[in-house]
Structure formats: structure tokens, C-alpha cells
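So you can see what is in the structure, the chains are spelled out below.
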Amino acid sequence: MTSFLSDLRYALRQLRKAPGFTITAVLTLALGIGISGAMFTVVDGVLLRPLPVPHPSEIVSLGQSDDGNQIGSSSLPNVQDWRAQSKSFKDIAWYTQAFFNMKKPDGSVDFSINEQTSRNFFSMLQITPRLGRTFLPDDAHGDHGNVVVLSYFVWSNYFGSDTAILGKNVQLGDATYTVIGVMPPHFYIPINDDGPVVWTLLVHSPAMTRDYSFLRVIGRLRPGINVAAAKSELSGLQANISRQYASMNLAKQVGVQDYRETQIGSVRSALLTLQGAVLLVWLIACANVAGLLLTRLSGRRREIAVRAALGAGRQRIVRQFLTESLLLSAASGAIGLGIAEGCLALLHHAILANLTRSRGVALNWHVVLLLVGLSILSAIIFGAAPAFQAASANPQEALHQGTLAAGSGLGQIRLRNMLIVGELALSLVLLFSAGLLLRTLYALRTVDLGFNQHNLIDAQFFPLNGFTLPKKARPTMETLYVPLLVRARQLAGVESADLTVGAPLSANVHMDDDFNVIGSPLIKGHTAFTAVTPGIFRTLRIRLVQGRFFNDQDIKGSPSVGVVNQAFVHAVFPGKNPLDQRLSLDDDPKDKTIYNDVRIVGVVGNVPEGNVGQATMPEVYINLNQVPPDDSFTAISSLAMELVIRTRQQPQTLIPSVRRIFSEVAPGVSVNSIQTYQEKIDGELGSQTLAARLLWMFAIVAVLISAAGLYGLLSYSVSQRTREIGVRIALGAQRENILRVVLRQASRLLLAGIAIGLLCAFFLGRFVRSFLYGVDQHDGATLIVVALLLGCVGLLAAYIPARRASRIEPTEALRME
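Here goes a summary of the coordinates provided. Note that the structure is predicted; figures quoted are calculated from it, not measured.

## Remarks on the pattern of salt bridges
Here's step 1: Counted according to the given criterion, the structure contains 14 salt bridges.
Here's step 2: We note a salt bridge from Arg210 to Asp81, for which the minimum N-O separation is 3.0 Å. Of this pair, Arg210 sits in the loop between strand E8 (197-201) and strand E9 (216-221) while Asp81 sits in helix H3 (residues 76-85), and the two are 129 residues apart along the sequence.
Here's step 3: Since its relative accessible area comes to 11%, Arg210 is described here as buried.
Here's step 4: A residue is classified by how much of its surface remains accessible, and Asp81, at 22% relative accessible area, is partly exposed.
Here's step 5: Each of Glu58, Lys90 and Arg220 takes part in salt bridges that share partners, so that together they form one network.

## Quick notes on the pairing of strand E16 (residues 561-565)
Here's step 1: Of all five residues making up E16, five are buried, and the element is well covered by its neighbours.
Here's step 2: Residues Val561, Val563 and Asn565 of E16 are buried on one face, and the alternating residues Gly562 and Val564, pointing to the opposite face, are buried as well.
Here's step 3: Relative to strand E18 (residues 598-604), E16 is paired through five bridges, and the arrangement is parallel. Within E18, the position partnered with Val563 by the bridge is Gly602.
Here's step 4: Pairing of E16 with strand E19 (residues 619-623) involves three bridges; the strand directions are antiparallel. Bridge assignment links Val564 to a residue of E19, and that residue is Val620.

## A look at the packing of aromatic side chains
Here's step 1: Under the defined criterion, the tally for this structure stands at 16 aromatic pairs.
Here's step 2: Ring geometry for Phe451 and Tyr677: centres 5.3 Å apart, planes at 70 degrees, overall edge-to-face. In this pair, Phe451 is assigned in the loop between helix H12 (406-446) and strand E11 (456-462) and Tyr677 in helix H18 (residues 677-684), connecting sequence segments 226 residues apart. For the pair Phe451 and Tyr677, a shared accessibility class is recorded, and that class is buried.
Here's step 3: Feature note: the residues Tyr95, Phe121, Phe122, Phe135, Phe187 and Trp199 constitute an aromatic cluster, connected by ring pairs.

## Let's talk about the environment of Glu58
Here's step 1: Here Glu58 shows up in the loop between helix H2 (19-48) and strand E1 (59-65).
Here's step 2: Looking at Glu58, the relative accessible area reads 13%, which means it is buried.
Here's step 3: Glu58 sits 168 residues away from Asn226 along the chain, and the two C-alpha atoms are 8.6 Å apart.
Here's step 4: Not counting the four nearest positions on each side in its chain, Glu58 is found in contact with Lys90, Gly219, Arg220, Leu221 and Pro223.
Here's step 5: Within polar-contact distance, the side chain of Glu58 engages the side chain of Arg220 at 2.9 Å.

## Topic: the nonpolar core
Here's step 1: Phe21, Leu430, Phe451, Phe537, Tyr621, Leu695 and Phe698 are the most contacted members of the largest nonpolar core, which has 95 residues in total.
Here's step 2: No other element matches helix H19 (residues 686-720), which puts 15 residues into this core.
Here's step 3: When near neighbours in sequence (up to four residues on either side) are disregarded, Leu430 contacts Ala277, Leu280, Val281, Leu695, Phe698, Ala699 and Ala702.
Here's step 4: Within the second largest apolar cluster, 28 residues are counted, among which are Leu480, Val658, Ala666 and Val669.

## Notes on unusual backbone geometry
Here's step 1: Here the phi dihedral of His55 falls at roughly 50 degrees; this positive angle occurs in a residue that is not glycine.
Here's step 2: Topologically, His55 is positioned in the loop between H2 and E1.
Here's step 3: On the basis of relative accessibility, which here comes to 49%, the residue His55 falls in the partly exposed class.
Here's step 4: Within the chain, Asn455 stands out as a residue other than glycine whose phi angle is a positive 60 degrees.
Here's step 5: Here Asn455 shows up in the loop between H12 and E11.

## Quick word on the environment of Glu423
Here's step 1: Following the sequence through the fold, Glu423 ends up in helix H12.
Here's step 2: Setting aside its immediate chain neighbours within four residues, Glu423 contacts Ile284, Ala287, Asn288, Ile705 and Ser706.

## Observations concerning the packing of helix H21 (residues 735-764) against helix H22 (residues 780-806)
Here's step 1: At a minimum axis distance of 8 Å, the contact between H21 and H22 shows a crossing angle of 155 degrees. Classified by the interaxial angle, the pair formed by H21 and H22 is roughly antiparallel. When the axes of H21 and H22 are compared, the crossing they make is right-handed. On H22, the residues touching Arg735, Ile738, Leu739, Val742, Leu743, Ala746, Ser747, Leu750, Ile754, Leu758 and Ala761 of H21 are Leu783, Ala787, Leu790, Gly791, Gly794, Leu795, Ala798, Tyr799, Ala802, Arg803, Ala805 and Ser806.
Here's step 2: For the contact of H21 with H22, a count of residues per class yields 17 nonpolar, four polar and two charged.

## Some details on a positive patch on the surface
Here's step 1: A grouping of Arg9, Arg13, Arg16 and Lys17 is seen on the molecular surface, where their side chains present a positively charged patch.
Here's step 2: Take Lys17: it is sitting in helix H1 (residues 2-17).
Here's step 3: A relative accessible area of 64% places Lys17 in the exposed class.

## Looking at the environment of Ile284
Here's step 1: Here Ile284 lies in helix H7 (residues 259-299).
Here's step 2: Judged by relative accessible area, Ile284 falls into the buried class, the value being 0%.
Here's step 3: Sequence-wise, Ile284 and Leu419 are 135 residues apart; in three dimensions their C-alpha atoms are separated by 8.6 Å.
Here's step 4: If sequence neighbours within four positions are ignored, Ile284 has contacts with Glu423, Leu426, Ser427, Ala702, Ile705 and Ser706.

## A few points about the packing of H3 against helix H6 (residues 227-244)
Here's step 1: Contact geometry for H3 and H6: axes closest at 10 Å, N-to-C directions at 130 degrees. Regarding the angle of H3 to H6, the classification is oblique. Of the two elements, H3 crosses H6, and the hand of that crossing is right-handed. Between H3 and H6, the contacting residues are Asn78, Asp81, Trp82 and Gln85 on the first element and Glu233, Leu234, Leu237, Gln238 and Ile241 on the second.
Here's step 2: Along the lines of polarity and charge, the residues of the contact of H3 with H6 split into four nonpolar, three polar and two charged.

Thresholds, definitions, all that
- Residues numbered from 1 in each chain as written.
- Predicted model: local features only at pLDDT ≥ 70, side-chain atom pairs only at ≥ 80, totals over all residues.
- Heavy atoms only, no water.
- Salt bridge = Lys/Arg side-chain N within 4 Å of Asp/Glu carboxyl O.
- Helix = DSSP H or I, 4+ residues; strand = E, 2+ residues; numbered from the N terminus.
- Buried < 20%, exposed > 50% of the residue type's maximum accessible area, 1.4 Å probe, protein only.
- Pairing = 2+ DSSP bridges.
- Phe/Tyr/Trp six-rings, centres within 6.5 Å; stacked < 30°, edge-to-face > 60°.
- Contact = heavy atoms within 4.5 Å.
- Polar contact = N/O pair within 3.5 Å; in protein donor to acceptor, adjacent residues only side chain to side chain.
- Core = buried A, V, L, I, M, F, W, Y, C linked by side-chain atoms within 4.5 Å.
- Axes fitted to C-alpha atoms, helices over the stretch in contact; angles between N-to-C directions.
- Parallel < 35°, antiparallel > 145°, perpendicular 65-115°, else oblique.
- Left-handed = near helix turned anticlockwise from the far one by under 90°.
- Nonpolar A, V, L, I, M, F, W, Y, C, P; charged D, E, K, R; others polar.
- Patch = residues over 30% accessible without salt bridge, like charges linked within 9 Å, V, L, I, M, F, W, Y side chains within 5 Å.
- Areas by Shrake-Rupley, 256 points an atom, 1.4 Å probe, with all protein chains shown as cover.
- Lys, Arg positive; Asp, Glu negative; His and termini not counted.
- Charge placed at Lys NZ, Arg CZ, Asp CG, Glu CD.

The following block contains the structure:
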């Protein structure tokens, strides 16, 4: 212990004597450790943190499936049979979503998501509320009244954390509910994030038949039962159900997956790729500090030789250098903690907007332990080589010659060169990956969307939960949609306004179903279908390819007409004329519905329903003006609707007016969002934008660290050769030649690093392949650009010491020794 304290005091004195070296080394390593800590915080919060329920590994998602892999929605009778007959599960629960305005104590209303669940939902999860209780078996609509459980977000933001909230009434839409409980913070099941969420009981109705699939299902496995066994058992049960009800054409299998995977699977690979990029930055920082220590080692050759001559053994010298490394890394870790906090603060908004389960992501003891571990590991990595180099020096030769032994000097130079080459290679890999993501982002932003997104406002709202309300309460064109359109079109600066069930790029508002071509029983398929008001194609400026749009003659009582997109024509009528073909979008031809017999009157260009760059589905557009109030399609359209407005001025300036229209015309309607289409597209590309920005940030940090390392190496080389350069200039060497000599040395290192980096980038391209769009993983143009960029930065870093070498005065250089 005494020996260690002695080493520690000596190390502190040595680091104080070289403030420039100490500050550079600490800040370089702190960047690597801090950025690694920030990224690990996100990975820990999103990927590693367990579900906030007891025994989270037992929770799985399940649902009807055509192939046993995809998990779809399920019907209530099927789920009830699974729950009654399955031996693999402790319990099975179900839920669906509805959307309402919730009235606050001050009288204002705000949007909320209503998770309508089975009574056993919370008991299956074994979760304890923060306040009150959850649902009981005898809770029901009727004797006990409507009951609701509030999320922590709603309780704290809407009701001011009122501890006396239990037993009070709240209004959701037109119904009044009694609050029975408040959930703990960050309980994100099933919404996958904190937010304006409430839980109510699902009201069963005769409409919930076995062939009506709308429920999401989760379950808790029994101990010792794995996902494969549960999937096999449920698929067997579902196969029996499908045979028993063969006329309903039910799914024959059930998909089962770990619940966490269903929630985070889409971001796992992206986060792990970014974490890998951060680790490269950390390795580059460690290599840079190792190079600095090796450079400093050459200046301490006499000190080491004297210590060795006085009896210090190799083990003691190694321990001394490792103690200095540990001090540097400890200081770097402490500063890195602050850098990690700063990075999280800068990225906070972007993380919340683009990553699921990201609320509550903050530095915790996991991250602190990681930073401590990284600090210790960093000390070992960057301190080991200089320590052993110092211990291997020959004290007699060092004292006699004033230099380290020749072999040791060459060994140090080679090791420093290798470290610089490695840093440059890793930096190029990061630059190349970031370049590919930027090319992808550019391709996505310039892809033809099939409509004009400029000067457009999109307002998504939920008229009513049509499946649980009587037909007389459903909104109609006359009671809601027409007044809304009239007011919107009267706004100053509005060119046109129309309604659609699922506007372009609205992946969360999407309907699809089976269809067949009437008169051609062999032609069947699956299609998306969208209900619109007649002017939607002109408002969105979607191209007419063939036939006509909807017109004023397409009204209630007239023959049903539809417009299809080009993807539908290519899939269903390749090489044929689709006009006047008749479609049935209903499985049962006996149903009296508007989409039982639809004549195709027009073909329009493809417009993406989901994400930017996603393949367009075959789609059929139906005219809302032809839908009768009692048609089943009215119930579907009342679930979600979007008002699309084209403006003659900046669309942001009209958003307050649009919001005011909703409050005046439809005060009970839940408005989810009102935004410009450019904001909507930016939101669609949010995760790609975040990944590209992060990777570029990491790449720039890596390049700057590598450039600093190259600068330090060349500066040291120039200082060591000052006398030699002075002699050369005294003997007539041109200063331009001296400049070229130093730059030639830098160029060799740059070329080696770039060559190795290009080779690594070529083979590592497959790790980013899944994130790319419109660009090849081995894109040559990107490789060339990032190689030139790294080369230019490296040469700029090398030019400063090269220029200093060319300006050495011979008389001063010769007087140095």
C-alpha cells in the first residue's frame, strides 16, 4: 500500500510537470469514454432495461398468423378459447386501442389513448399500481359504472398529481368514468412509451365474432415453458378451431414472440451498430493516448535510466507507468461522465422523438459502472505498451548515449506508426458508414412520393370509436365532415381541403382486406383501401394516369365507383385495361355494403401508404360521398380520419386556425396531431436522420482525434530531428525539400491507414446494409470521397509541423546540443 501511494504521488508530480500532455491525453480519452457512456445509456434504457413487471422473461406477445412468424390481430372468441384450453400459459390477456379527448379539471380537453383491456390485464402482468387498484372480476359497465386506470403521465400532467384522485369522475369523449387507480412511472405496456394513456375495460358486443380480428394479445408463460413450446401448442389449438369453422377462412397458426422483442426489435440493430461505432471512437482515443505516452516516454529516457541504475526493477517501472495511466484514465472517466450527461442533454429531444421506450433514459449506476470499467480498461490498453517499452530500455546505453537503445527507439517509432495507421483506418470505416447513411437520407428525401408535399397541412383525428357506439352516434358526412370541410375551405390562404382515411405516409392509419374481381373468380388478392372525399387527388396533386377522378355525379344512391393505383393495375390487370372492371372488397357477397360492387373509373399514380421508400401496396380509393350512414364502412371510417389542407402561404401559419376549427365544429373529437407535411416527412425519417447525425458526430470526433495523433507524432519527429534539419539547411538544403520530406512521411502513414480502412470498410459494409436505401453497401463514390476527406484532414494536420520544420534556423538548431 505504501509503495502504491508513493507511485501515486510520483505520478501526480510527473503529470503536473507536463500540463500540455496531461490536458490533451485526458480530454482525448474523456471524449471516447463520455460518448461511449452516453450511447450505452440509450442502449441500456431501450434494449437492456427489463420490463417493469415481475418475471419479465415470461411475458410474450401472441396472435393469429398465416405463417406462424408474423403476429397479427386476433378475434375475441379465439383468444378466449386459447386461454381456456392452453396449458403453456399462467394467463392470457388482450387489449385494443381507442382514442378520446379527456376533459381536464380546468375544463380544457386533450388527446388521450384509451387501452381497452380484458379484466385480467393487470393481474396477468402482476403489476401493482402507484395509487388505488386495477380491475377486479366484478368491474363492469353497469352496476359498478365505468372505471378507468390512469397512467402516471395523465395523473401528473392532466390532474396535477392529485393524491385524492381516486373515486373522482373523469370524462373520456362523451362517457364518464370513475378513477380507480394510477400506474407507476414508466409503465409502458402496451403503448411502449409513457404518454397520455388510460386503461378501461373492453366492452364485449355481438359484433366481435370469430372472424373479426382486432385484438392484440399478451400472455405469461408457465415456468419451464419456452416460446417454441407455447407456439406449438397454440398453433395446434388454432388449427382445430380453423377446421371447426372452415367457412370463416380463419388463420391456421399462432405466432408467439418474446414481448420485448416485439417492442424493440426494429431499433435493436440500429442501436447496436451505433454502439459499435462508439466503441471504435473509444479505441481510437485509447490508441491516441498510447501514442502520446510513447512520445512522452522518449523525453523521459534519462529519468527511467537513472531509476533503473538506482535499482528499480522492471516490475516497478511498469507499475509506475500503469499508475500514471490509471490516473489519466480516472480523470478522463470523471470528465467523461460530464460529457455523457452533456451528450444526453443535446440528444434528449431527438432520442424521445425517434426511439421507443426512451422516456426516463438517464445516467444510472449501470452507466457509472461502465465508465469505471472503461477507465480501468483504457488504462491497461493505452498504458501497457509504453510501460513495457520503458521497462525494456538498457540503462547503461541510455546514460552513456543520452538516448534509448537503438532497437527500443525503432520499436517505439514502429509502434507509434502502427497506432496512427490503426486510428486512421478506424476513422475511415466510421466516415464511410456515415457517408452511406447520408446518401441514404438524401435518397429518401428526394424519392418521388407521388404527390406534392409542399404547402400541405395534415390533421389526424379520431371522430368516434365506431365499434362500441350505436349507429345513430356515428359521425356522418352531414353531421361532421361537411361542416369541417366548409370551415376549412373558408380559411384565408386555403386553396383546397379534403378528407381521407389514411393520408400518404400514415402507416398507423391503414386498412386492407381481401378482394375479388366480379365476373372473374380466378382473380383474387389482398389490397389496401382508402375512403376519401372527391377532391383529395387534386389537393394532394396525385397524377391521373387513366380514366377520371371522382366527380359530382358520384353520390349516395349512384353506382359505387372506385379509383385504383398503378400498383393495383400491375398486380391484378397486367397488360389489361382496368377501367370498368368491378371489384368486391367484401368476403360475403350477401352483405349490403358500399364496397360490395365497385366499378373502377380511374387509375392514379402510386403514393406510399407507410414509410418513405417503402414499396407501394395495391390500393383502392372509395368515395366517402357514396357511403350511406348505416354502412359498415362508416364505422371503419369513424375510427380515424385525416383532414388534408393545401395552402397558398406558409402552412405553419394556418395551424392555429385549423386547431380552432376543430374546437368549434367538433369539440368532442380527439385530434391526435396537426402538422405540415414537411414535418410529417421529417418525422418519418427521424430515426435515419438521428442515426446519420450520431454516426457523423462519432466519425468527426474520430477523425479529429486521429489528426491530433498524426500532428503529435510529426511534431515529436520534427523536434527530435531539429539538429539534423538545421545541418541540412546549413549545407544548402532547400526549405521546400524539408517541407516535402515531412509531408512524405505523413503521406505514407495516411496512405497505409486509408488502404487498410478501405479494406475494412469493404468487408464491414454488410453491417449497415439493412439501413441503406438507394445506395450500395460498397458504393465507390462514397469510398473515394471519405478517403479524400480523411487525406485532406491528415495532410492539414501534417502541414503545421512540416512548415515549422522548414522554417528552422540552422544557427539555433546547432546550438541546441
